[in-house]
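Tertiary structure, described
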Amino acid sequence: MEERSTVVLKDLRKIVLDEDEGCLHMLSAEEQEEFSIEYTDDNYGGGSLMLSPSEKYLLFSCYSGESEEAFFLYEIEEDLLNLVYESGYSYGEQGEYVFSKDERFLVQTVRLGSWCEDTEEEDEDGERFYEFGELNVLDLKTRQFERHTLHVYPGEDWEEEVTDDGDFFCTKFGDDAVEVLLPWGEESFTRPLDEILVIK
């Protein structure tokens, strides 16, 4: 996702990611500090801020610089940031995030690997596949975080680390299905999502 160190609320308050101090600052429209919270972590490599469409939530996503992604989700209440969920670091790169329309769910997509002989595995039928990425869903009401791994079965004409080079993010989180954009096109998965999502 595009890295943003500052987000501006409709009332002109700002939330600023200060990587030098290891803090998130909330500033008034007059640039006076209203609130500050530390996030310092020894594994921190960089991060970005994103507001939910209603500005009820602030997402602070970060990476370790060692192929790991994490995020913190805060609820914005007046002049406070209240922590809703902290994911902790897990393996993955190129994290992207999107809220459902009603902001009941937060969807995270991360890449796990690219197609090449080193990443190839075989299923019980002897067909080759590899773990492309994860489509993960946080239920903001129950605070449950579910992981779903994408097993991709490459075509015979696929070029290693070329065909699957490109975007991977959720385009729609509906009541019945989840739609994602992948480097080779769009895919749709029926809800409730299986732990393993197969693409052939």
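Below: a short report on this structure. (Residues numbered from 1 in each chain as written. Predicted model: local features only at pLDDT ≥ 70, side-chain atom pairs only at ≥ 80, totals over all residues. Heavy atoms only, no water.)

**Comments concerning the sheet that holds strand β3 (residues 23-27)**
Strand pairing in a sheet takes place through backbone hydrogen bonds and is either antiparallel or parallel in direction. The sheet built from 4 strands is open, its strands ordered β1-β2-β3-β4 with antiparallel pairing. Edge strands, defined here as strands with exactly one partner in the open sheet, are β1 (6-8) and β4 (33-38). Adjacent strand axes in the sheet meet at a mean angle of 15° when their direction is disregarded. Inspection of the sheet shows strand β2 (residues 14-18) paired to β3 by 5 bridges, in the antiparallel sense. Bridging across to β3, Ile-15 finds its partner in Met-26. (Pairing = 2+ DSSP bridges. Helix = DSSP H or I, 4+ residues; strand = E, 2+ residues; numbered from the N terminus. Axes fitted to C-alpha atoms, helices over the stretch in contact; angles between N-to-C directions.)

**Here's the deal with the packing of aromatic side chains**
Summed over the entire model, instances satisfying the criterion amount to 17 aromatic pairs. Here the aromatic rings of Phe-60 and Phe-72 are separated by 5.6 Å at their centres, their planes lie at 15°, and the arrangement is stacked. You can see Phe-60 sitting in strand β6 (residues 57-63) and its partner Phe-72 sitting in strand β7 (residues 68-77), a full 12 residues away along the chain. Judged by relative accessible area, Phe-60 falls into the buried class, the value being 0%. Classification of Phe-72 as buried rests on a relative accessible area of 14%. Ring centres 5.6 Å apart and planes at 40° place the aromatic pair Trp-115 and Tyr-130 in the tilted group. Here the residue Trp-115 occupies a position in the loop between β11 (105-111) and β12 (121-122), and Tyr-130 occupies one in strand β13 (residues 128-139), the gap between them amounting to 15 residues. A relative accessible area of 3% places Trp-115 in the buried class. (Phe/Tyr/Trp six-rings, centres within 6.5 Å; stacked < 30°, edge-to-face > 60°. Buried < 20%, exposed > 50% of the residue type's maximum accessible area, 1.4 Å probe, protein only.)

**Side note on unusual backbone geometry**
Trans peptide bonds make up most of the peptide bonds, and negative phi angles are found at most residues other than glycine. Of note, the bond from Arg-191 into Pro-192 is cis; its omega dihedral lies within 30 degrees of zero at -5°. Counting through the fold element by element, Pro-192 comes out in the loop between β18 (185-190) and β19 (196-199). Despite not being glycine, Glu-31 has its phi angle at roughly 70°, a positive value. The phi angle at Arg-143 is positive, at roughly 65°, despite the residue not being glycine. With respect to the secondary-structure elements, Arg-143 resides in the loop between β13 and β14 (144-146).

**Some thoughts on the environment of Thr-171**
Inspection of the secondary structure assignment puts Thr-171 in strand β16 (residues 169-173). With relative accessibility at 38%, the residue Thr-171 sits in the partly exposed group. Residues Thr-171 and Leu-181, spaced 10 residues apart in sequence, show a C-alpha to C-alpha distance of 6.5 Å.

**Re the pattern of salt bridges**
Scanning the entire structure with this criterion turns up 9 salt bridges. Notably, a salt bridge pairs Lys-14 with Glu-31, separated by 3.0 Å at the nearest N-O pair. Here Lys-14, found in strand β2, pairs with Glu-31, found in the loop between β3 and β4; they are 17 residues apart in sequence, far enough to count as distant. For Arg-111, the salt bridge is made with Asp-164, and the minimal N-O distance between the two is 3.8 Å. (Salt bridge = Lys/Arg side-chain N within 4 Å of Asp/Glu carboxyl O.)

**Here's the deal with the nonpolar core**
Counting 20 residues, the largest nonpolar core has Leu-135, Leu-150, Val-180 and Phe-189 as the members making the most contacts within it. Looking at this core, the elements that each hand over two or more residues are β11, β13, β15 (149-152), β16, β17 (177-182) and β19. By residue number, the principal contributor to this core is β13, which donates 4 residues. Beyond its immediate stretch of four places on either side in the chain, Leu-150 contacts Tyr-130, Glu-131, Phe-132, Gly-133, Glu-134, Leu-135, Phe-168, Leu-182, Phe-189, Leu-197 and Ile-199. (Core = buried A, V, L, I, M, F, W, Y, C linked by side-chain atoms within 4.5 Å. Contact = heavy atoms within 4.5 Å.)

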